[in-house]
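Observations on the model geometry
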Number of protein chains: 4
Amino acid sequence: MSGNSFGLLYCVTSFGESHGPAYGGVVDGCPPGLALSSQDLQRELDRRKPGTSRHVTQRRESDAVEILSGVYEGRTTGTAIGFLVRNEDARSKDYAAIAEKFRPGHADFTYTQKYGFRDARGGGRASARETVVRVAAGAIAKKWLNERYRVVIRGYLAELGATKIPFEDWRFVDQNPFFAASPGLVPQLEKQMDALREAGDSCGARVNVLAENVPAGWGEPVYGRLDADIAAAMMSINAVKGVEIGAGFAAITQKGSEHGDEMTPQGFLSNNNGGVLGGISTGQPVTVSLALKPTSSIRIPRRTIDAKGNPAQIETTGRHDPCVGIRATPIAEAMLACVLMDHALRHRAQCADVVPPLAFRK
Amino acid sequence: MSGNSFGLLYCVTSFGESHGPAYGGVVDGCPPGLALSSQDLQRELDRRKPGTSRHVTQRRESDAVEILSGVYEGRTTGTAIGFLVRNEDARSKDYAAIAEKFRPGHADFTYTQKYGFRDARGGGRASARETVVRVAAGAIAKKWLNERYRVVIRGYLAELGATKIPFEDWRFVDQNPFFAASPGLVPQLEKQMDALREAGDSCGARVNVLAENVPAGWGEPVYGRLDADIAAAMMSINAVKGVEIGAGFAAITQKGSEHGDEMTPQGFLSNNNGGVLGGISTGQPVTVSLALKPTSSIRIPRRTIDAKGNPAQIETTGRHDPCVGIRATPIAEAMLACVLMDHALRHRAQCADVVPPLAFRK
Amino acid sequence: MSGNSFGLLYCVTSFGESHGPAYGGVVDGCPPGLALSSQDLQRELDRRKPGTSRHVTQRRESDAVEILSGVYEGRTTGTAIGFLVRNEDARSKDYAAIAEKFRPGHADFTYTQKYGFRDARGGGRASARETVVRVAAGAIAKKWLNERYRVVIRGYLAELGATKIPFEDWRFVDQNPFFAASPGLVPQLEKQMDALREAGDSCGARVNVLAENVPAGWGEPVYGRLDADIAAAMMSINAVKGVEIGAGFAAITQKGSEHGDEMTPQGFLSNNNGGVLGGISTGQPVTVSLALKPTSSIRIPRRTIDAKGNPAQIETTGRHDPCVGIRATPIAEAMLACVLMDHALRHRAQCADVVPPLAFRK
Amino acid sequence: MSGNSFGLLYCVTSFGESHGPAYGGVVDGCPPGLALSSQDLQRELDRRKPGTSRHVTQRRESDAVEILSGVYEGRTTGTAIGFLVRNEDARSKDYAAIAEKFRPGHADFTYTQKYGFRDARGGGRASARETVVRVAAGAIAKKWLNERYRVVIRGYLAELGATKIPFEDWRFVDQNPFFAASPGLVPQLEKQMDALREAGDSCGARVNVLAENVPAGWGEPVYGRLDADIAAAMMSINAVKGVEIGAGFAAITQKGSEHGDEMTPQGFLSNNNGGVLGGISTGQPVTVSLALKPTSSIRIPRRTIDAKGNPAQIETTGRHDPCVGIRATPIAEAMLACVLMDHALRHRAQCADVVPPLAFRK
């Protein structure tokens, strides 16, 4: 094990490099009998796909997914689901120039020091293109969670650089290239991105993700908390530097009398805790927010060193997202889905015989 | 497995409840030959101990630790290290009143719904008293990391409610009950806590933790990232609602030209990435920041429901920390130590034969 | 993780050494609501206890177990169950003589080479006394499996050295110090052991274990097979050198037409497969057989080397079982119980919604 | 996780079905810098390949393997190694007849009861064709173990039905279709198999596997024993019903004075323990023996039931190995290689700083 699997019972294993022949994954632990086709995965992959607007990388990938096992006559069999996404538009020569230098903010340096050398083509294993595997695995989890428990998982871009993007309505999210939930702001976001691209720079972003209809009781004390596993899953997404659950960092300045969510026979009166108390889901929406750093590969020249340790200057001219956060929404949804599904299975393993004593009067 | 273990190679297993006979833990995977006595654990446990100032819970516990295995003639043998901390001052009658009601912001409700019933005495397994196990396990990790790699792990309280506490010098941290690194602010913090206690309310906090001298190369791509495991470890601490690595949420509004840490032959010029790139340590300090919510158990009356789902009012009169963040510094240090030690072992398992190609000119 | 835990969902962690202060364990993953007291553990521990007849070690241990967590008002809470068994009769001076020599057939040499040194008192961590933890953990599993699924797990001594002990009736097993299922042979076994003890030698044994009423469907393809996990569990017991499921090694000379268990609407007609096909339980009894080597610590002088690598002679005079297989029956039962419980939980995690299509007409 | 991965640090994940598009695997944890090409895997796969003699299944598969990731410029990068073996000669119509009946001795029944339905084409996930993944993963482990520690792993067929096949010399093993180490017996084995095939029946087998040059110190107490992990790995191979280490079941009738391997300054004088003491390697050859049951799919008519539970008769006419044990030698070698490599990595994670105190005088 060297970090390429996650999940205890809904376990995802990933392989592939940016300029290798293919990415692929194995989902182990999916319950049998779920109706599943490659279309179910493709739909989510298409939301994450590069080249869909001028604001993201212009690499042309169909991201067509092939399911290789675990599905028979349209239903999951309960055995391992293997799938493959071939790389189609890998232009490794673009990277010859940077193979011998370390890009600031990139994993070039750390991979080299850890492994002794690195696959420099397109970032190799460190490329965010690996998230195709997460999105495919998340699509299966999303489907099962929805069919079995009516869980709905959705996200949106909440900040693009300095611009805050308020939430208006879910139905806008898939209608613009930014996953913004307020359509009025889209022209401004486009202008902002055009300026950034022109300047050869990049910016950070915030993505919010929610899971609704999660039953109370998922998650485990003490280290296996639902929120701890969510934090790991989100922090494992390329470029993420911060994770919040519920009130998050705002909880620092809250009083206990303000933060603690009061209850009535009809349910909770607020959701500062983000749907998790003591590491276990409350039945309220699970709310997560993440910070993504600006893309490291920019055209603006920067100081660095070369493979021999000598001073150098670098400017990255390959095809890159000027804001990796833009395409992060479906990825964050996928990771949340995988964690929730893992805990759904873990919960019923241990507590299948428990009848929850309380039901809110709705 | 139901969440009470963490770590792949440096694996900590925890048990115990607030008003049960004892807390205990098992550390599996510690290298043999480390000089170790119960005093090494006690020193760290004493930093976390309740009752050391009027600003924390008045529960009187000596937190005396007994090592039961894995140490022979003063050195670790390489086998499992079991240890025990007996509970001494458990006054369960204090909790009779709340056994039949759910405290807002507390795990009472979720444990009941998950397991069908709960040990209500002092929060049972959900009590933050469980962190004695973490601190004991972290003490071993801290010692080994320091002796083997000169790693130094330290933390401090950076915000108490609305008060920001700037970092001045490490030597102040253990000289005041707040783990504040700027002594001039201590009188103000005392006044703030006195007012809060009088009001029967509680407040949140921010804790910063750093690890220095971590070699480049620890951490694993893709899901097994060092920062992902740190995020999980921190989010698993009671009351934590947010985690940042390096620039954290500030990265949202940074430009790529500002965020990406430039390099020279002497090293990095900044540390926005918090010592982790692509999930792997860079050799710079690993910097982590966490948000802790205000204590849920407060004296101010709050709306809730009782065990039958009927409306009720609750005010918690037991002994509680008015700010759980105050005692969180040694706990966060311990969790960071455990994660780093786990990754130190994981790294040398896979990469023991790698000579890092680059060395900065110091 | 250094080998001191086992089980994915019913996870047992063990610590302790033969002459340390105590053995202890943590059971993580037990479903909530199971009625449990220390008596439930003690009953099984007493079956394994040393000193109960002249044919086993004369070390005097009450093996009294204390439950430290995870049980509240007589029922499991779903959180980690910690327990402790204090060592009472550790005479370390007995071992001074052997501390500087390696006993043939013992782990003295391998522990020293692995860890650089060893706790030589009574075999340290390698002592079979560690099996108290297994038996305690198995007692919980046995109870839950029986209450939830009516599973019955029983074993007996099938061979003692060259003497085969045929199975007659379960009710005899707990009525003699050998766990023999045919009472007529007991006087002969006693004579055999007396002669062996007099000669200062030891002998091997075979133990058979069965689990009845295991539902069809437990176990996982391809590596997570029920029989693979049973094989590991049994081979992890001190002194075990071989494991068989069903026909075992006899299957080598069977024809396919003889081995494959035919089926009728009433069920299987034979059980050569030992209740497992394709790694998954069939609904028939799970039958396991294990070979235990003769005790390594004997009075007969043997050639060995000392700590400096020089030739030496050794004879072991401490208190030892002349046949470790005699006390192995409750241990093997415990290990089978733990594995079955783990797979019961794993099965319902993934397949809780499956209704098995077929039912035999009974 | 549903059983399709194994290994803690050298972790193999497997997917694929007999008549699906492909088998594939992911090896996670391989150290970086190992020279590796698909030829290294192909060589071992060709030893296991079907259709190479008239004594094994006549299914025609090239078993051509494609490495999809983890190798860059001919060397492993340290990231996940994904590989694929396409199925070419899947004739699913052969199986239409048996889709509605349960073959005695086969996993048909248990998969159906566990998952609610099954992929009946060629045995689906339960087919021994899955072992391509093991052999490919084992090839990488074999290569690394040999280059890093000079470990040599070899096996041979020791019994074919009632015929014992003594070991003569390793160089014969790859020169006959049986992996027999005594060439004189080959004509008799051929006759035996011809008769069996004519009779439409099948037989069992014994395979012996050895690992030489394994350093002392690999393996972990108490549950993570090297022999326990070997037992699980072997028992997870299709058709295996028994596993022995060293003297195995013969240890039952040995005396302690006979079994315990004496030591001199030059090393051990015998190897009854099979290279493992206390779960840790001794430095002697690790010796393993396994029993494989006769193939379940035979032409002789047998009693069974159909999908509705009604009485039926079945005779299997597809292409099958009349003795699965014949092709098991490379598979058993592969599994032993994977377990040893896992423990090599685990050992150096924890004990990299230990200098073994003793060296034999050779």
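Quick summary incoming for the structure in this document. (Residues numbered from 1 in each chain as written. Chains lettered and ligands numbered in written order. Predicted model: local features only at pLDDT ≥ 70, side-chain atom pairs only at ≥ 80, totals over all residues. Heavy atoms only, no water.)

1. Structural notes on the nonpolar core
Counting residues in each nonpolar core, the largest one holds 337 residues, and the members touching the most others are Met234 of chain A, Met234 of chain B, Met234 of chain C together with Met234 of chain D. Not counting residues up to four positions away in its chain, the partners in contact with methionine 234 of chain D are Val209, Val240, Val243, Val288, Leu290, Ala332, Met335 and Leu336 of chain D. (Core = buried A, V, L, I, M, F, W, Y, C linked by side-chain atoms within 4.5 Å. Buried < 20%, exposed > 50% of the residue type's maximum accessible area, 1.4 Å probe, protein only. Contact = heavy atoms within 4.5 Å.)

2. Things to note about the packing of helix H8 (residues 328-351) of chain B against helix H7 (residues 328-351) of chain D
Orientation of H8 of chain B relative to H7 of chain D, taken along the N-to-C sense of each, is 130°, at an axis distance of 8 Å. With respect to their mutual orientation, H8 of chain B and H7 of chain D come out oblique. Our pair here, H8 of chain B against H7 of chain D, has a crossing hand that is right-handed. For the pair formed by H8 of chain B and H7 of chain D, the contact residues are Leu345, Arg348, Ala349, Gln350 and Cys351 of chain B on the first element and Leu345, Arg348, Ala349, Gln350 and Cys351 of chain D on the second. Taken together, the residues of the contact of H8 of chain B with H7 of chain D break down into six nonpolar, two polar and two charged. (Axes fitted to C-alpha atoms, helices over the stretch in contact; angles between N-to-C directions. Helix = DSSP H or I, 4+ residues; strand = E, 2+ residues; numbered from the N terminus. Parallel < 35°, antiparallel > 145°, perpendicular 65-115°, else oblique. Left-handed = near helix turned anticlockwise from the far one by under 90°. Nonpolar A, V, L, I, M, F, W, Y, C, P; charged D, E, K, R; others polar.)

3. Concerning the relation of the copies chain C and chain B
The two copies are related by a screw operation: chain C maps onto chain B through 180° of rotation and 0.0 Å of translation along the axis, at an RMSD of 0.0 Å. Expressed as an axis order, the relation between the two copies is that of a two-fold axis. Residue threonine 13 of chain C of chain C places its C-alpha closer to the rotation axis than any other residue of that unit, at 3.8 Å. (Least-squares fit on C-alpha atoms with pLDDT ≥ 70 in both.)

4. Focus: the side chain of glutamine 42 of chain C
Position of glutamine 42 of chain C among the secondary structure elements: in helix H1 (residues 38-48). From its side chain, glutamine 42 of chain C meets the backbone oxygen of aspartate 63 of chain C in a polar contact 2.9 Å long. (Polar contact = N/O pair within 3.5 Å; in protein donor to acceptor, adjacent residues only side chain to side chain.)

5. Digging into the sheet that holds strand S10 (residues 205-212) of chain A
Either a parallel or an antiparallel arrangement is found when strands of a sheet pair, and the pairing is made through backbone hydrogen bonds. Spatially, S9(A)-S8(A)-S10(A)-S16(A)-S11(A)-S11(B)-S16(B)-S10(B)-S8(B)-S9(B) is the arrangement adopted by the ten strands of the open sheet, whose pairing is antiparallel. One side of each edge strand has no neighbouring strand; the edge strands of this open sheet are strand S9 (163-164) of chain A together with strand S9 (163-164) of chain B. When strand S10 (residues 205-212) of chain B meets strand S16 (residues 286-292) of chain B, the two strands line up antiparallel, connected through seven bridges. In the sheet register, valine 209 of chain B faces S16 of chain B, and the bridge partner there is valine 288 of chain B. (Pairing = 2+ DSSP bridges.)

Keep in mind that these numbers describe shape and distance, not what the molecule does.
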